[in-house]
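Chain by chain, the residues run as shown.
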Amino acid sequence: MSKHTFSISARIKSFKYAFAGLKILFIEEHNARIHLVSALIAIILGVVLKISLNEWIVLVIVMGLVFICELINTSLEAMADFASPEKHPQIKKVKDLAAASVLIGALVALVVGIIIFCPKIHHIIYN
Ligand SMILES: Nc1ncnc2c1ncn2[C@@H]1O[C@H](COP(=O)(O)OP(=O)(O)OP(=O)(O)O)[C@@H](O)[C@H]1O
């Protein structure tokens, strides 16, 4: 099919592939499941503690950031394992850098969570 012809069925297919990627992430990556549970806890806390619209926007962005980092990390890991199943210092570098992106994403989400939720929890406990 021509690259320039718009096709609804091709668009639906690309959605299917993207959802297949999400399925791989949550089935194969234990860290992603931990992040999913953390995101669900953050959403429940957000509802219970009635966070503001701006706080929801920031929370959604950082939660998305973590999953995007996880997806890219998992994708690079799969590519690295295929390209070089044996140990190689360059593969170590690629995998460690990709893992660091997830760490930074998760730390940013944690700090945002602390900034949003801690004052509200403190207020409930001490008032
Ligand atoms: N082929 C390789 N060559 C060199 N070092 C590697 C190789 N494969 C893995 N490593 C090292 O082991 C670490 C863990 O790699 P691995 O592919 O097992 O990721 P993982 O533990 O499954 O990560 P995650 O928990 O994010 O899925 C890498 O960050 C890297 O330091």
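Residues numbered from 1 in each chain as written. Predicted model: local features only at pLDDT ≥ 70, side-chain atom pairs only at ≥ 80, totals over all residues. Heavy atoms only, no water.

- In the annotation of an unreviewed UniProt entry, the protein is listed under the name Diacylglycerol kinase and assigned to Fluviicola taffensis.

### Focus on the site of the ligand
Phase 1: In the vicinity of the ligand, the contacting residues are Glu29, Asn31, Asn73, Glu77, Ser84, Glu86, Lys87, His88, Ile91, Lys92, Lys95 and Asp96.
Phase 2: In this structure, aspartate 96 approaches the ligand through a side-chain N or O atom, which is 2.5 Å from an oxygen atom.
Phase 3: Taking 620 Å² as the accessible area of the ligand by itself, protein coverage stands at 63%.
Phase 4: Breaking the shell around the ligand down by element, the ones donating at least two residues are helix H3 (53-83) and helix H4 (89-126).
Phase 5: Of the residues forming the shell around the ligand, the biggest block, four residues, is contributed by H4.
Phase 6: Per-class residue counts for the shell around the ligand are one nonpolar, four polar and seven charged. (Near = heavy atom within 4 Å. Polar contact = N/O pair within 3.5 Å; in protein donor to acceptor, adjacent residues only side chain to side chain. Areas by Shrake-Rupley, 256 points an atom, 1.4 Å probe, with all protein chains shown as cover. Helix = DSSP H or I, 4+ residues; strand = E, 2+ residues; numbered from the N terminus. Nonpolar A, V, L, I, M, F, W, Y, C, P; charged D, E, K, R; others polar.)

### As for the layout of surface pockets
Phase 1: What the largest pocket holds in volume is close to 420 Å³.
Phase 2: It is H4 that provides the largest number of residues to the lining of the largest pocket, a total of eight residues.
Phase 3: Grouping the constituent residues of the lining of the largest pocket by class yields 17 nonpolar, three polar and no charged.
Phase 4: Approximately 160 Å³ is the volume found for the second largest pocket.
Phase 5: Considering the residues around the second largest pocket, the lining is formed by Asp81, Ser84, Pro85, Glu86, Lys87, His88, Ile91, Lys92 and Lys95.
Phase 6: The element best represented in the lining of the second largest pocket is H4, accounting for three residues.
Phase 7: In terms of residue class, the lining of the second largest pocket is built from two nonpolar, two polar and five charged. (1 Å grid on protein atoms, 1.4 Å probe; cavity = no way out; pocket = protein on both sides within 12 Å on 5 of 7 lines; lining within 4 Å. Points joined across faces, edges and corners; volume = space filled by probe spheres on them.)

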